[in-house]
Amino acid sequence: MNKIKFWEGWDTTIRYPYLFLLLLGALALLLGVYHYFSGESLAFGWDKITDLQIVPVPVHEVTRLLEPFTLSADGYLLFEQYDVALPTINTVAATLMLGILALCVAFYTAAISTMKQLPYFGSILLLMLFLATFNFDVLGAFGNASSQLLLIAIALLAISSYAFQAFWKGVNFSLRLLAMLFVVLLIGLLTYRGGEFPAELVTLHLVNYSTIGTLVATVLFILWVAYENINALLWINTQAKTPERRFSMWQFILVSVLYLLNLVLLYLRHVGYLQLDLFYINGYFILLLSAVAGFWGMRQREQYYKPLFLFRPTGAVLYLVFATIAFLSIGYAFATANDPLTVFYHDMIVYTHLAFGIGFFLYIMINFGRLIEQRLPVYKVVYQPKSFSLFSFFLMSLIACVILVMRTQYRSYFHVQAGYYNYLGDLYSASGNDILAQRFYEESDLYDANNVKANYSLAAMHRQDAQVNNEILRLKDALEKRPNPKIYVRLANLYDEKQFFFEKLYVLQQGAERFPESGEIYNNLALLYSQTSVQDSTEYYFDMAQEYNSDNDFVRSNRLAYYTRQAMLDPAKVVLEESRKGKAKSLRSNMAALRQLLGRDPQNEDTFMPDSIQAVEDFTLFYNQTISRLNKGDTTRLEAIDNYLASPANQLFHEDLLYLKGLVHHYNGLPREGRRVVENLALQSERRSGYYYNALGQWMLEEENYRAAAAYFKQAKDLGYTQAYLSQGYALALANQPEAATAALEEVAFTENEAAVAVAQDLAEVLQQDVKTIVTEVPDKDKVQYLLTRLPQLSLEEVNILVQAVEEKDLKRRAMIARIDYLIGRKDWRAAYEAIKETAPRLQPEGELRSALNLQQLKVWLYAGNYDAVLNRMDKLYLTDRDKRQRLYFRARIAEEKGRTEEAATRYEQALKMLLYDEEVVLAAANFFDRYKPEGETAYNILLSGITYNPYAAELYKAYALESLDQGLYTYAEQAQETLQNLLPSSEYSTFIKKLNQKRQEVETRADNWQL
């Protein structure tokens, strides 16, 4: 342990700075390892292309005249294919590198100040050359005399270090280091404050230009430790305390030969002589082992460099400085995805370790072979040769290394040039000087043809200029030498038009063959095949993508969208179950759309309401979840919708958000607000006006305001919305206008929808029959339809005959419910009560019919004055969510009847918000406020809101006309009178006119008496 922690015996003025530098070196190593694995993703990472596809999802379904009417809204499915983002300049890596490099300069300068005179001057010369590579003069510090900054930096460092070396020799290392740190800090301040460029660009300039200096330092360090692994193997074989525990010479030879054989195989692979897919020890891992071994080997060699400087602190510090710079330089090459330099460093590791490894192995065998055979601790005397000197070893190994480089036609030199120009291209790209950046990238491509960094950067420039052909050419060039999955994906995405289907398929399949474990390529292949009818291939590539992709949510999202679009419900349900814990927004969005299609309740624990919409998946997730939560009485999302609508950034989603707002209002108890929003949308939208009018008609169907529904369907039909043709016919039939309904149903033939035409013809035939024919000759369904459409015109006897004629169980139930409505309409409470008792045993305990019956029961009790029964049973009887709103009205009526006027007023106000479409509720509320607050305009405003919402409610118009007279608004009363002429039969209209004139006379008489 003492040999490992050799610094523990050092003086604290040396030990603590050394430990700090050791941690700094470890940090540089960790950064290098991190960027080795993530650098390419940081430089040009994966991106995605989102394809938004619409699938109709049911919002609400209502059955009228035994026919289901479904309101569908646009649900959104997200398909996401991989793409590659534009290259980014890693300024964070540059900043870290410059900071650590500055500390290394301070340590280096402090360390060399402890050397003797000659080695000091050699070391200071190296420092000057290193500082010259920073190219300070381009920064523009100190005006036009910018080159002075380099001279100032050299002068400050040289003078400071020389003062310690020549005059203040007794100063301890910590104070020397502090002084050098201060000098480096001063140079940094002069550089950043004196320059005319932003700090980020200054950092990039210093780092990218100085890469020549750091590269030289890295190569020197690689040479420094090139043979240390063989030395470490010697130590492992001969370090045991007793001969019996030491390994034999043949064991040393075996492990050394295996190590060198790996290097030979790496070299042959690099020069193209070997293409076998064997297991190789990574060259950078070999360097790491060498660096760790050299960490202690430096101390072991002190006897050779002792005449120049001591190991403590100079040798120890210099080793860590060069090691740190090497880790920084290699890590920065990976951080910027500078493939020419990463290849160069790897080649240099292989060349140097192979040449020096073989040389040192021969050096050991020639000098100490017999000693190893005798199992002596040779590692202690390895630097004391007897016949083959260290100088000879170094010279021979260096020559061999040069020969290896020459055998590759000086490829390493060209890699260095290409990498350097890539760095300069990055610098000028970050500064916005695309002309110079392009020039440097092209120079890089000239020195290392088809290198990925240069060609992808040039392709990105062409992408920004929309030069697709040039981008394709550059990407193809990048695939020639060092292909990677991202280039294949990006190239394939450029063939996005339908006519280029096979070109895109070819590129992706070529990429899958070259990279058989690329989940991203498989995902895009699956999406490509999803556009065809070849389901087997789609499934296969989805399976492969899920196997090799680390982001399973991404693949599952696409898979779910594909199954949903293709209506493949069984596999969709399987993926839905597998994805229950998925976190990706796109996946959750597609899950919400599918759950809505399947009629499943939303996942309550998954609620997404972001402060702002940042991306398409934010919108679709919020939108799909909101659709799935309608009818839940939840209006909390309205505030979020209003915030999104207020943001100009969401203009693309503005219409969808407005419609969503209308849906939330309508289905969560605010019908007036919902209708206003959608009506405005219908007026503003040119493309979808028909759809919005149809939605309004659907809402009126739900609320049983059939004349209003027919009017909206007519507007939708006139705008070419084909689904409204059949709906209008049914609405007119339900509004008890059989002749108009028949005419509308005949027009359904224009839609050329065979199913709709058949349904329309069947209903039209029913509407044209008499009661006798209906009872004796038509199916039960037609009997019930006839009963519902003709109910107000039928006699009680005819109603009973029709109900009795229906035999099918479910249709019988519906007919019996209709008979109760008929009796309630005639205010025959006793008969209605008896009919309810007869009907109740035939119905299921829950469902729409049971809710309708229970509501009828409550109304009969209310009309008959049995308020206690209403209050006691109201919360116990089953009611649908929509029918539960009637409880507000019941409580208001009971409070009114019992004289609790304040409570009644509050209850009526609550009821009006949710039940404005109900004529009975509006009339009751208006009558209440007219009686108890006649001095105000509350009753008038209630009736005005009622006829505005439902302009075909005759009873509301009657009350409105009378109330307008009470308020002295004669013109409005006359307008209501004109409207009523079209809403009422002539006999009923004549009767009302008499009442209206009588009211007018009373009002005028009252006004005359008041004036007297």
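Residues numbered from 1 in each chain as written. Predicted model: local features only at pLDDT ≥ 70, side-chain atom pairs only at ≥ 80, totals over all residues. Heavy atoms only, no water.

## Regarding the overall build of the chain
Assigned secondary structure in the chain consists of 49 helices and two strands. Seen through its principal axes, the chain has C-alpha atoms that stretch 135 × 70 × 55 Å. Here the contacts in the chain between residues at least 6 apart in sequence split such that 66% fall between residues at least 24 apart. If you sum the accessible surface of the chain, you get close to 46800 Å²; carbon and sulfur atoms cover 55% of it. Between the centroid of the 94 positive side chains of the chain and the centroid of its 109 negative side chains there is a distance of 10 Å. (Helix = DSSP H or I, 4+ residues; strand = E, 2+ residues; numbered from the N terminus. Contact = heavy atoms within 4.5 Å. Areas by Shrake-Rupley, 256 points an atom, 1.4 Å probe, with all protein chains shown as cover. Lys, Arg positive; Asp, Glu negative; His and termini not counted. Charge placed at Lys NZ, Arg CZ, Asp CG, Glu CD.)

## Some thoughts on a nonpolar patch on the surface
Where nonpolar side chains cluster on the molecular surface, the patch consists of Leu398, Val402, Met406, Tyr410, Tyr413 and Phe414 and spans about 570 Å² of accessible area. Of all elements in the fold, only helix 14 (390–407) and helix 15 (411–430) reach the threshold of two or more residues within the nonpolar patch. No other element matches helix 14, which puts three residues into the nonpolar patch. On the basis of relative accessibility, which here comes to 42%, the residue Met406 falls in the partly exposed class. (Patch = residues over 30% accessible without salt bridge, like charges linked within 9 Å, V, L, I, M, F, W, Y side chains within 5 Å. Salt bridge = Lys/Arg side-chain N within 4 Å of Asp/Glu carboxyl O. Buried < 20%, exposed > 50% of the residue type's maximum accessible area, 1.4 Å probe, protein only.)

## Considering the environment of Arg850
Note that Arg850 resides in helix 40 (residues 848–863). Since its relative accessible area comes to 15%, Arg850 is described here as buried. Counting along the chain gives 27 residues from Arg850 to Leu877, while the straight-line C-alpha distance between them is 9.2 Å. Ignoring anything within four residues of it in the chain, the contact list for Arg850 reads Ala840, Leu843, Gln844, Pro845 and Tyr878. Within the structure, Arg850 has its side chain in polar contact with the backbone oxygen of Gln844 (distance 2.9 Å). (Polar contact = N/O pair within 3.5 Å; in protein donor to acceptor, adjacent residues only side chain to side chain.)

## A look at the pairing of strand 1 (residues 46–64)
Of the strand pairs in this sheet, strand 1 and strand 2 (residues 67–84) are connected by 18 bridges, and their pairing is antiparallel. Note on strand 2: the bridge partner recorded for Gln53 is Leu77. Turn length for the strand 1-strand 2 hairpin, with the two strands adjacent in sequence and antiparallel, is two residues, and the turn residue Leu65 shows positive phi of about 55°. (Pairing = 2+ DSSP bridges.)

## Section: the environment of Phe502
Summarising the element assignment, Phe502 is placed in helix 20 (residues 501–514). Put simply, Phe502 and Gln239 are 263 residues apart on the chain and 65 Å apart in space, counted from C-alpha to C-alpha.

## Digging into helix 32 (residues 723–734)
With twelve residues, helix 32 extends 17 Å from end C-alpha to end C-alpha; this agrees with the ideal 16 Å at 1.5 Å per step. Just downstream of helix 32, Asn736 is the residue with a positive phi angle, here 60°. (Expected span 1.5 Å × (residues − 1).)

## Concerning the side chain of His205
With respect to the helices and strands, the residue His205 is situated in helix 6 (residues 199–209). By relative accessible area, which is 4% here, His205 ends up buried. If we skip the residues at most four places from it in the chain, His205 touches Phe134, Asn135, Val138, Leu139 and Leu427.

## Comments concerning the confidence of the model for the chain
This prediction gives the chain a mean pLDDT of 89; 97% of its residues lie at or above 70. Contacts from residues 141–146, a stretch scored under 50 in pLDDT, to residues over four places away or in other chains number twelve contacts. (pLDDT = per-residue confidence, 0-100.)

## Things to note about helix 15
Under the 1.5 Å per step criterion, the end-to-end length of helix 15 is 29 Å for 20 residues, consistent within 8% with the ideal 28 Å. Remark: Gly432 follows helix 15 within two positions and exhibits a positive phi of approximately 85°.

## Here we look at the nonpolar core
Leu71, Leu525, Ile627, Tyr659, Leu663, Leu787 and Tyr908 are the most contacted members of the largest nonpolar core, which has 207 residues in total. It is helix 38 (residues 809–825) that contributes the most residues to this core, nine residues altogether. Leu149, Leu263, Leu266 and Phe322 belong to the second-largest nonpolar core, a separate cluster that totals 132 residues. (Core = buried A, V, L, I, M, F, W, Y, C linked by side-chain atoms within 4.5 Å.)

## Remarks on the packing of aromatic side chains
Considering all chains together, one arrives at 72 aromatic pairs under this definition. Judged by centre distance (5.7 Å) and plane angle (50°), the rings of Tyr562 and Tyr563 are tilted. We note that Tyr562, like Tyr563, is buried. Through a chain of ring-to-ring contacts, the aromatic side chains of Tyr209, Tyr413, Phe414, Tyr420, Tyr421, Tyr428, Phe440 and Tyr447 assemble into a single cluster. The ring of Tyr16 carries the charged tip of Arg15 above its face, separated from the ring centre by 5.0 Å. (Phe/Tyr/Trp six-rings, centres within 6.5 Å; stacked < 30°, edge-to-face > 60°. Lys NZ or Arg CZ within 6 Å of the ring centre and 35° of its normal.)

## Some remarks on the side chain of His462
For His462, the position within the fold is in helix 17 (residues 452–464). The contact partners of His462, leaving out residues within four places of it in the chain, are Gln467, Asn470, Glu471 and Arg474.

## Re the pattern of salt bridges
It is possible for side chains bearing opposite charge to pair when their charged atoms get close. For the structure on display, the rule yields 37 salt bridges. Asp347 is paired through a salt bridge with Arg411; the nearest N and O atoms lie 3.7 Å apart. Separated by 64 residues along the polypeptide, Asp347 in helix 13 (residues 339–373) and Arg411 in helix 15 bring together distant segments of the chain. Within the structure, one salt-bridge network assembled from shared partners comprises Asp83, Arg463, Glu471 and Arg490.

## Observations concerning the packing of helix 8 (residues 228–238) against helix 10 (residues 283–300)
Between two packed helices, what matters for the description is the angle formed by their axes and the separation of those axes. In the contact formed by helix 8 and helix 10, the axes pass within 8 Å of each other and the chain directions differ by 70°. As far as their axial angle goes, helix 10 and helix 8 are roughly perpendicular. Crossing geometry of helix 8 relative to helix 10 is assigned as left-handed. Here helix 8 contributes Glu228, Asn229, Asn231 and Ala232 to the contact with helix 10, which in turn contributes Ile286, Leu289, Ser290, Ala293, Gly294, Gly297 and Gln300. Here the contact of helix 8 with helix 10 is built from residues that sort into four nonpolar, six polar and one charged. (Axes fitted to C-alpha atoms, helices over the stretch in contact; angles between N-to-C directions. Parallel < 35°, antiparallel > 145°, perpendicular 65-115°, else oblique. Left-handed = near helix turned anticlockwise from the far one by under 90°. Nonpolar A, V, L, I, M, F, W, Y, C, P; charged D, E, K, R; others polar.)

## Focus: the packing of helix 31 (residues 706–718) against helix 32
The contact between helix 31 and helix 32 brings their axes to 8 Å, and the two run at 160°. By the angle between their directions, the pair helix 31 and helix 32 is classed as roughly antiparallel. For helix 31 against helix 32, the interelement crossing comes out left-handed. Residue-level inspection shows Tyr706, Ala709, Ala710, Phe713, Lys714, Ala716 and Lys717 of helix 31 in contact with helix 32, the latter providing Ala724, Tyr725, Ser727, Gln728, Ala731, Leu732 and Leu734. Here the contact of helix 31 with helix 32 is built from residues that sort into ten nonpolar, two polar and two charged.

## Section: the environment of Pro198
Position of Pro198 among the secondary structure elements: in the loop between helix 5 (173–194) and helix 6. The exposure class of Pro198 is partly exposed, given its relative accessible area of 49%. Along the primary structure Pro198 and Asp445 are separated by 247 residues, whereas in three dimensions their C-alpha atoms are 29 Å apart.

## Here's the deal with unusual backbone geometry
One non-glycine residue, Leu65, adopts positive backbone phi at about 55°. In this fold, Leu65 is placed in the loop between strand 1 and strand 2.

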